[in-house]
Every structure is written in structure tokens, then in C-alpha cells.
Amino acid sequence: MTPAREAVYLPVMALTVALLGGLRIGGPAVLHAPSLFALVLGLLLMGVLIQSGALAPDRLLSESRPALANVNGFVVLLALFLACAQTFAALTPDSGLPRILFSVYFLILMLNTLAARPDRVRVLQSLTVTFGAAFVLNFVVLDALSDPEGGRLKRVLQVLLEGITLGALSQPVRHPATGYITFVAIVLFLIMLSSLPRRLPRTSRGLIVLQPADQNHRQLPH
Amino acid sequence: MRETVVRVSGLAITLAYAVLIGWLYARQPTTIAEVTGGLSAAMGAYRVDQQALEDGLRFFRRDQFSEARAAFARADPGQQDALTQFYIAYSYYRQGWGRLYQDDELYRKGIEAIDRAIALAPGGRIVVDDPTLRIHTADELRVELDSGTRRDASDLNPLRIFRERK
């Protein structure tokens, strides 16, 4: 990993995600700090990244590195944690039943991923699918269900849905720009995750110790 | 050597960016004007538009409060000047004041403005030497606005109709 990537690109990308993830455009634009639960989810995601090898903290912080490099590494880890938390906060609906369901879903997903111990590629693929699906559900489906504009049939369906769910499904109406900004934040976050310093294959006496992913393929990595 | 330069520069950029984000979260500016105003105020480069402030005061003294606030907003787009915010709060007070009732919505906006003014003033102390006003300090104005939004037994006092607007 180049010093520029570690000292400039990764922290700036992570902080940008932390900024954009909290931005809600409305009458007045406001910035939402991540909730405590989002911080917990962020920490779990950091654990998943480390366990899968998508993030190798010893390549950012270790005794063998100079002090300045360690400071840069620490900043990357801190900014990454904020970005993780803010990404979950951005993808969780603002209120009602969907907020609870999304929160529980994210928690179970993180715990399940920790238990399954997937490799780096699978974790990144899984996160892409999960965050993409959460984005579609939150910013496309729920927004459409909560949008007061529309034809008579749509409003009748909304009233019926409100009645069935006791008003627990609809969300505060968001400015369309919020969805675009969150989309950019998520894409940036996924790019950042794939750019993190990954765990290198360990070598010992000229032999390569196989990682779980490589064992599945029953061949030495190239 | 080059690596050290890159690392130190990166650290400086990251810290500056983090401070900016922290400031945005703490201050919650709602417009670009507030962002630029806040940043220039932090660097000591913020200036109120004196002409617009004079216009606002002229409207204010003629009881044209909406016009006055439009001019004050032009004078202080970043909401960084305590005096201008004081006059904005005062305009909400005077416009919302009624002999029989107060406009709660205007009073609430007045409280927001006076709180901004107090937060901006050094030591939170604002004293305005303007003979056309009957309230000269931010603390008095804050109490006046706050008491206007409260509901209590004094609201039923028939002698209230004899009180005067300050």
C-alpha cells in the first residue's frame, strides 16, 4: 500500500462517507450523527472486515512501522469506524417499524457473518448485495410508500397500508437529493472497503500457508 | 523524505477535514451562506453588510417587520452577527405581540434568534444602546419571549389588556 493511499485517500474517503451519510436534505439541510446502535454495528463490521482479511490492522499499526506511519494508520482505522457507523445510520429508516426491522436485520447479519468466517471476497460481495438491497428498500420502496403525491389509487392503497400497519410503516418524506447523496456515500464506502490493506498470505520456510478460500479451491494461490 | 512529506501532508489534510466535519455537525448550518459565513467568522473575516443593516433598522422602526427581517438576513447571511440576530429576535417579538394574545410561532422563532445572538456574543452578553427600544439586553428579551409562549394563570388576568408593547 502506498503512503498516499494510507495517508490521504483512505482517510479522506472515509470522512467523506461519514459526512455524506449523515446529510439529510430537507427544508433546512441537517446532519444526523450516527445513533449508538449504528456505532455498535460499525464496530461489528470492523470485526467482520478484520476476521475476513479485508482489513489487516497490523499493516496499519505495528511496532515495526515508524511512528508517523502508525499515526496515519490509526487515523485510517478511526475514520473507517466512523464511515462504517454512518453507513449503517444512512441505510436505516428514520422511524417506525422499518427502523426496528432494519436494525435487527443488520445486527443478525453482522453476527452471522462473524460466525460464518467468510473470506475477503465473499464479505465484500455480501456487503455490496446487503447495502444495495437496503438502499433500494429504504430509498425506493419505503419512499414510494410514504410519498403523499400521486394518483387517487395510490393514495387509497397508502391509506389501507397505513390502517393495516397502524401507521408504523410510513416514513417522513425526504428530499430526492438525500437518496442520491446516500447512493454516492455507499458506492464510495464500498470502493474504500476494497482499497483497504488486506491480510497477506503468511509464508513460513518457503511454504505458503493456505487461507480458507484457497483450501476450497484445493490449489496453491498464484 | 518524500514519503514523510506525503504522510505529514495527509495527516494535516485529514485533520483539517475532520475539524470541518466536526464543526458542521456541531453548528448544523442549513444553507451554504451559513457554512461560508461560519467559516469566515472562524477566520475573523466575516463582515456584516452595513447598508442592508441600515435598511433593516429603518424597516424595523416603521413596524415593517417582515421587510426588516429580509434586510437583516441580507446583512447577516451567515447568522454570525449578534447585534443583527438581536434585532431579528426583537422584530419577532414586536410582530408577535398582541394586547390579548401573542403569536406563539413568531415568539418561538424569536427565541431561536435570541439564542443564536447570545451564543455569538462574547460572554453571552448583549447590550444595545438604541433609544427606540424598550428592551436593551438579550437577557430581558429572552425572558419576554419566553414568558409569552408559556401558559399560566396570569394569562387570565384582565389587566393584561393595559400592558404595552416594549
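Note that this is a predicted model, so its numbers are computed, not measured.

*Asks:* Please clarify how the overall build of chain B should be interpreted in this entry.
*Replies:* A count of helical and extended segments in chain B gives 7 helices and 0 strands. Secondary structure of chain B in N-to-C order comes out as α-α-α-α-α-α-α. Radius of gyration (C-alpha) of chain B: 20 Å, far over the 15 Å computed for a compact globule of 166 residues. Each of the three principal axes of chain B carries a C-alpha extent, and together these read 80 × 35 × 25 Å. A total of 166 residues make up chain B; the buried ones form 29% of that total.

*Asks:* What should I look at first to understand the overall build of chain A in this one?
*Replies:* Scanning chain A for helices and strands turns up 8 helices and 4 strands. Moving toward the C terminus, one meets the helices and strands of chain A in the order α-β-β-α-α-α-α-α-α-β-β-α. For chain A, buried positions account for 29% of its 222 residues. Put simply, of all contacts in chain A between residues at least 6 apart along the chain, 81% involve residues at least 24 apart.

*Asks:* What exactly am I supposed to notice about helix 1 (residues 2–27) of chain B here?
*Replies:* In an α-helix, one turn spans 3.6 residues, which is why side chains three or four residues apart end up on the same side. Helix length check: helix 1 of chain B, at 26 residues, gives a terminal C-alpha distance of 37 Å against a target of 38 Å (1.5 Å per residue), a fit within 8%. Those residues of helix 1 of chain B that fall on the buried side of the exposure criterion are Arg7, Gly10, Thr14 and Ala18 of chain B. Tucked into the core, helix 1 of chain B has its buried residues touching helix 1 (3–21) and helix 3 (67–91) of chain A.

*Asks:* Just checking my understanding: could you explain unusual backbone geometry for this structure?
*Replies:* Peptide bonds are, in most cases, trans, and in most cases residues other than glycine have a negative phi. Of note, Arg117 of chain A is a non-glycine position whose phi angle comes to about 50°, a positive value. Along the chain, Arg117 of chain A turns up in the loop between helix 4 (96–116) and helix 5 (120–146). Unlike most non-glycine residues, Gln79 of chain B shows phi in positive territory, near 50°. Among the structural elements, Gln79 of chain B can be located in the loop between helix 4 (65–75) and helix 5 (82–96).

*Asks:* I would appreciate a short explanation of the interface of chain A and chain B in the present structure.
*Replies:* By a widespread convention, an interface's size corresponds to the accessible area lost as its parts come together. At the junction of the two partners, chain A supplies 19 residues and chain B supplies 15 residues. Elements supplying a minimum of two residues to the side of chain A that touches chain B: helix 1, strand 2 (30–31) and helix 3 of chain A. Top element by residues in the side of chain A that touches chain B is helix 1 of chain A. It accounts for 9 residues. Of the residues belonging to the side of chain A that touches chain B, the class tally is 18 nonpolar, 1 polar and no charged.

*Asks:* Please clarify how the packing of helix 4 of chain B against helix 5 of chain B should be interpreted in this entry.
*Replies:* The angle between the axes and the distance between the axes are what describe a pair of packed helices. Residue and element names in this part refer to chain B. Contact geometry for helix 4 and helix 5: axes closest at 10 Å, N-to-C directions at 165°. Between helix 4 and helix 5, the angle falls in the class roughly antiparallel. With respect to the hand of their crossing, helix 4 and helix 5 are arranged in left-handed fashion. In this structure, helix 4 uses Phe65, Ala68, Arg69, Phe72 and Ala75 to contact helix 5, whose residues at the interface are Thr84, Tyr87, Ile88, Ser91, Arg94 and Gln95. Taken together, the residues of the contact of helix 4 with helix 5 break down into 6 nonpolar, 3 polar and 2 charged.

*Asks:* Where do I start with the environment of Ile50 of chain A in this structure?
*Replies:* Residue and element names in this part refer to chain A. As for its placement among the helices and strands, Ile50 is situated in helix 2 (residues 36–52). Classification of Ile50 by C-beta neighbours within 10 Å gives partly exposed; the count is 16. Remark: the alpha-carbon pair of Ile50 and Leu114, spanning 64 residues in sequence, is separated by 9.9 Å.

*Asks:* When you look at the environment of Leu20 of chain B in this model, what are you seeing that I'm missing?
*Replies:* All names here are of chain B. Examined against the element boundaries, Leu20 turns out to sit in helix 1. According to the C-beta neighbour criterion, Leu20 is partly exposed, with 15 such atoms within 10 Å. For the pair formed by Leu20 and Arg142, sequence separation is 122 residues and the distance between their alpha carbons is 31 Å.

*Asks:* What am I meant to see in helix 4 of chain A here?
*Replies:* Residues and elements named next belong to chain A. Given a rise of 1.5 Å per residue, 21 residues ought to cover 30 Å, and the 31 Å separating the end C-alpha atoms of helix 4 matches this to within 8%. Turning to helix 4, its buried residues are Pro98, Phe106, Met110 and Thr113. Buried residues along helix 4 cover an arc of 95° about the axis, so they all sit on one side. Relative to its buried face, helix 4 has exposed residues pointing more than 90 degrees away, namely Val104, Ile108, Asn112 and Ala115. On its buried side, helix 4 packs onto helix 2, helix 3 and helix 5. One or two steps after helix 4, the chain reaches Arg117, where phi turns positive at roughly 50°.

*Asks:* Even after reading the chapter, I still don't get the environment of Leu100 of chain B, so can you show me in this structure?
*Replies:* Residues and elements named next belong to chain B. Assignment of secondary structure puts Leu100 in the loop between helix 5 and helix 6 (104–120). Judged by the 6 C-beta atoms lying within 10 Å of it, Leu100 falls in the exposed class. The sequence separation of Leu100 and Arg62 amounts to 38 residues, and the corresponding C-alpha distance is 22 Å.

*Asks:* How should I be thinking about the confidence of the model for chain A in this particular structure?
*Replies:* In this model, chain A carries an average pLDDT of 85, and 83% of its residues clear a pLDDT of 70 or more. Ranking the helices and strands of chain A by mean pLDDT puts helix 2 of chain A first, with 95, and helix 8 (residues 212–217) of chain A last, with 55.

*Asks:* Would you mind showing me how to read the nonpolar core here?
*Replies:* Proteins that are soluble and globular tend to have nonpolar side chains buried together. If you look at the biggest cluster of nonpolar residues, it comprises 42 residues, and the most contacted ones within it are Ala14, Val17, Leu49, Ala79, Ala83, Phe88 and Met192 of chain A. Of the residues forming this core, the biggest block, 12 residues, is contributed by helix 3 of chain A. Excluding residues that lie within four positions of it along the chain, Val17 of chain A makes contacts with Ala83, Gln86, Thr87, Ala185, Leu188, Phe189 and Met192 of chain A. Ranked by size, the runner-up nonpolar core spans 26 residues in total, among them Phe72, Ala89, Tyr107 and Leu145 of chain B.

*Asks:* What exactly am I supposed to notice about the packing of helix 1 of chain A against helix 1 of chain B here?
*Replies:* As a packed pair, helix 1 of chain A and helix 1 of chain B sit with axes 8 Å apart at the nearest point and diverge in direction by 10°. With respect to their mutual orientation, helix 1 of chain A and helix 1 of chain B come out roughly parallel. In this structure, helix 1 of chain A contributes Pro3, Ala4, Ala7, Val8, Pro11, Val12, Leu15, Ala18 and Leu19 of chain A to the contact, and helix 1 of chain B contributes Glu3, Val6, Arg7, Gly10, Leu11, Ile13, Thr14, Tyr17, Ala18 and Ile21 of chain B. Its residues assigned to classes, the contact of helix 1 of chain A with helix 1 of chain B comprises 15 nonpolar, 2 polar and 2 charged.

About the criteria used
Position numbers for residues start from 1 in each chain and track the written sequence from start to end. Chains carry letters from A onward and ligands carry numbers from 1 onward, assigned in written order. In view of the model being predicted, local features appear only for residues whose pLDDT reaches at least 70, and side-chain atom pairs are presented and counted only at 80 or more, with totals across whole chains, interfaces and linings using the full set of residues. Strands here mean DSSP runs of E at least two residues long; helices mean DSSP runs of H or I at least four residues long; both are numbered from the N terminus. Values of the radius of gyration come from C-alpha atoms, whereas the globule rule sets the reference at 2.2 Å times the count of residues to the power 0.38. Here a residue counts as buried when 20 or more other C-beta atoms fall within 10 Å of its C-beta, as exposed when 12 or fewer do, and as partly exposed in between; the C-beta atoms come from the backbone. Contact between residues is assigned whenever the C-beta positions, reconstructed from backbone atoms, fall within 7 Å. Multiplying one less than the number of residues by 1.5 Å gives the expected span of a helix. By the convention adopted, Pro, Cys, Tyr, Trp, Phe, Met, Ile, Leu, Val and Ala count as nonpolar, Lys, Arg, Asp and Glu as charged, and the other residues, Gly among them, as polar. For every element, the axis is a line fit to its C-alpha atoms; helices are fit only across the contacting stretch, and the angle between N-to-C directions ranges from 0 to 180 degrees. Any angle from 65 to 115 degrees is called roughly perpendicular, while one under 35 is roughly parallel, one over 145 is roughly antiparallel, and all others are oblique. Crossings are classed by handedness, with left-handed meaning an anticlockwise turn of the near helix from the far one by less than a right angle and right-handed meaning a clockwise turn. Picture the helix axis, draw a direction to every C-beta atom, and the arc is the one those directions span. Residue-level confidence of the predictor, termed pLDDT, takes values from 0 up to 100. Structurally, a nonpolar core is described as a collection of buried Ala, Val, Leu, Ile, Met, Phe, Trp, Tyr and Cys residues joined by way of C-beta atoms within 7 Å.

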